[in-house]
Amino acid sequence: MEGHFTVQRSENAFAQIACDQTIEQTANRDSKTKGGMTGFTTSKGSVNRWIWSHHARGSITRECEDMAGKRERGSIRTDILPSQMKRDKADVDKIVETTNSMINPFEYEEEELLHITSGTVATEEVEKYLQAAYDRGEAASIAICKERLQTREVDLLTSMKKLKLKTFTSMSKTTKSKVHGKEVSLKADRNLLARLVVIGRIRKVDLQELLSYSLGPVPLALCTPLGCLVKTKKAKMLHSLESQPEKRS
């Protein structure tokens, strides 16, 4: 077949389909009858004539559709439209820009341990825990197998204790407030938002004004949820200023 095992039915690029699928969409579809061959006839000769005239009936049906103006029109592939191509290119540029704004761990030669996305420098305590995380996990796994499977000093179904390793999340800034004499950490989650909405409706507080304030311990426009400064390119501010219309006095 020399590689010609597909059929091009439209003028669109990359729109070839398999031969058996083409037969189903053309000859079989155009020559089908109501109910198919079920209950068509019990005569073997009639069945043979129906099969041999299969292509002729399909051609007649297609010509009648052309004369009536009901011929199927080829659909336009949205992936090759100029607007879609422009949007895809913009998405790729955003991904490249975001990737370039991160720290490349293969090119960073300093001794400090940094977070790839936020650029946060790990403290000495966090760095110590992260470097020993694999060894501590392996030691804990060996201890569990020995205590619960070999010596059976501890029941197999007993809950395991957490290692409580210090990570970058441990460095996040939290705000604590006293409620009924107890210290409670405030977090900007959906539970806090739900409570604010309920309290606002009960006390008849304007929700628009209520939600205009930040729900977290730090403003998200300047800091990440971990409490670190948001990384951005200085050129973005220049582009933002250039896009604003000039005020004429």
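Within each chain, residues carry numbers counting from 1 in the order of the written sequence. Selection of residues for local features in this predicted model requires a pLDDT of at least 70, selection of side-chain atom pairs for listing and counting requires 80 or more, and totals for whole chains, interfaces and linings are taken over all residues. In computing side-chain values, all of the structure's heavy atoms are included and hydrogens and water are not.

Student: Report on the overall build of the protein, specifying residues and quantitative values.
Tutor: Comment: elements are numbered from the N terminus, with helices defined as DSSP H or I runs of at least four residues and strands as E runs of at least two. From N to C terminus, the protein includes 10 helices and four strands. Taken from the N to the C terminus, the helices and strands of the protein come in the order β-β-α-α-α-α-α-α-α-β-β-α-α-α. By the burial criterion, 10% of the 249 residues in the protein qualify as buried. Note on areas: Shrake-Rupley, 1.4 Å probe, and residue coverage restricted to the protein chains presented here. With an accessible surface of roughly 21900 Å², the protein has 56% of that area assigned to carbon and sulfur atoms. Here the term buried applies to any residue with accessible area under 20% of the maximum for its type, exposed to any over 50%, and partly exposed to those in between, with areas from a 1.4 Å probe on protein chains only.

Student: Which residues make up the packing of helix 3 (residues 44-52) against helix 4 (residues 54-68), and what values do they have?
Tutor: Helix-helix packing is described using two parameters, namely the angle between the two axes and the distance between the axes. Fitted lines through C-alpha atoms give the axes, limited to the stretch in contact for helices. The angle between two N-to-C directions lies from 0 to 180 degrees. Look at helix 3 against helix 4: their axes get within 4 Å of each other, and the N-to-C directions meet at 50°. In terms of axis orientation, helix 3 runs oblique to helix 4. Along the contact surface, helix 3 presents Trp50, Ile51 and Trp52, while helix 4 presents His54, His55 and Arg57. When residue character is reported, Ala, Val, Leu, Ile, Met, Phe, Trp, Tyr, Cys and Pro are called nonpolar, Asp, Glu, Lys and Arg charged, and the others, Gly included, polar. Here the contact of helix 3 with helix 4 is composed, by residue class, of three nonpolar, two polar and one charged. Orientation is classified from the angle alone, with under 35 degrees giving roughly parallel, over 145 giving roughly antiparallel, 65 to 115 giving roughly perpendicular, and any other angle giving oblique. Two residues qualify as a contact provided that any one of their heavy atoms is within 4.5 Å of a heavy atom in the partner residue.

Student: Provide a residue-level description of unusual backbone geometry, including the pertinent values.
Tutor: Even without being a glycine, Arg152 presents a positive backbone phi close to 55°. Of note in this structure, Lys164 is not a glycine but carries a positive phi near 55°. Topologically, Lys164 is positioned in the loop between helix 7 (133-150) and strand 3 (175-179). Judged by its relative accessible area of 70%, Lys164 is exposed.

Student: Summarise a nonpolar patch on the surface; cite the residues concerned and give the values.
Tutor: Nonpolar side chains (Val, Leu, Ile, Met, Phe, Trp, Tyr) are joined into patches within 5 Å and like charges within 9 Å, using only residues with over 30% relative accessible area and no salt bridge. Salt bridge, as applied in this entry: a Lys or Arg side-chain nitrogen positioned within 4 Å of an Asp or Glu carboxyl oxygen. Nonpolar side chains collect at one region of the surface, where Leu149, Leu156 and Leu157 lie side by side and expose about 360 Å² of accessible area between them. For Leu156, a relative accessible area of 53% puts it in the exposed group.

Student: Give a description of the side chain of Arg148 that names residues and reports values.
Tutor: Examined against the element boundaries, Arg148 turns out to sit in helix 7. The charged-residue count follows a simple rule in which Lys and Arg add positive charge and Asp and Glu add negative charge, with His and chain termini not counted at all. Of the side chains bearing the opposite charge, Glu147 lies closest to the buried Arg148, which forms no salt bridge; the N-O distance is 5.3 Å. A distance of 3.3 Å separates a polar side-chain atom of Arg148 from the backbone oxygen of Leu156. Within polar-contact distance, the side chain of Arg148 engages the backbone oxygen of Thr158 at 2.4 Å. Each polar contact in these results corresponds to two N or O atoms within 3.5 Å; when the atoms are within protein, one needs to be able to donate a hydrogen and the other to accept it, and residues that are neighboring in sequence are counted only if both atoms are side-chain atoms.

Student: Quick one: what's the story with the pattern of salt bridges, residue by residue and with numbers?
Tutor: Scanning the entire structure with this criterion turns up one salt bridge. A salt bridge links Asp93 to Lys89; its shortest N-O distance comes to 3.2 Å. Here Lys89 and Asp93 lie together in helix 5 (residues 82-101), a separation of four residues that amounts to about one turn. A relative accessible area of 39% places Asp93 in the partly exposed class.

Student: If you had to explain the side chain of Glu127 to someone new, which residues and values would you point to?
Tutor: Topologically, Glu127 is positioned in helix 6 (residues 124-131). Look at Glu127: it is buried, it has no salt bridge, and the nearest opposite charge is Lys128 at 11 Å. Setting aside anything within four residues of it in sequence, one finds Glu127 in contact with Glu111, Leu113 and Ala122.

Student: An account of the confidence of the model for the protein is needed here, citing residue identities and associated values.
Tutor: Predicted confidence across the protein gives a mean pLDDT of 75, with 71% of residues reaching 70 or more. pLDDT measures the predictor's confidence residue by residue and takes values from 0 up to 100. Strand 4 (residues 182-186) is the least confidently modelled element of the protein, averaging 57 in pLDDT, while helix 7 averages 89, the highest of any element.

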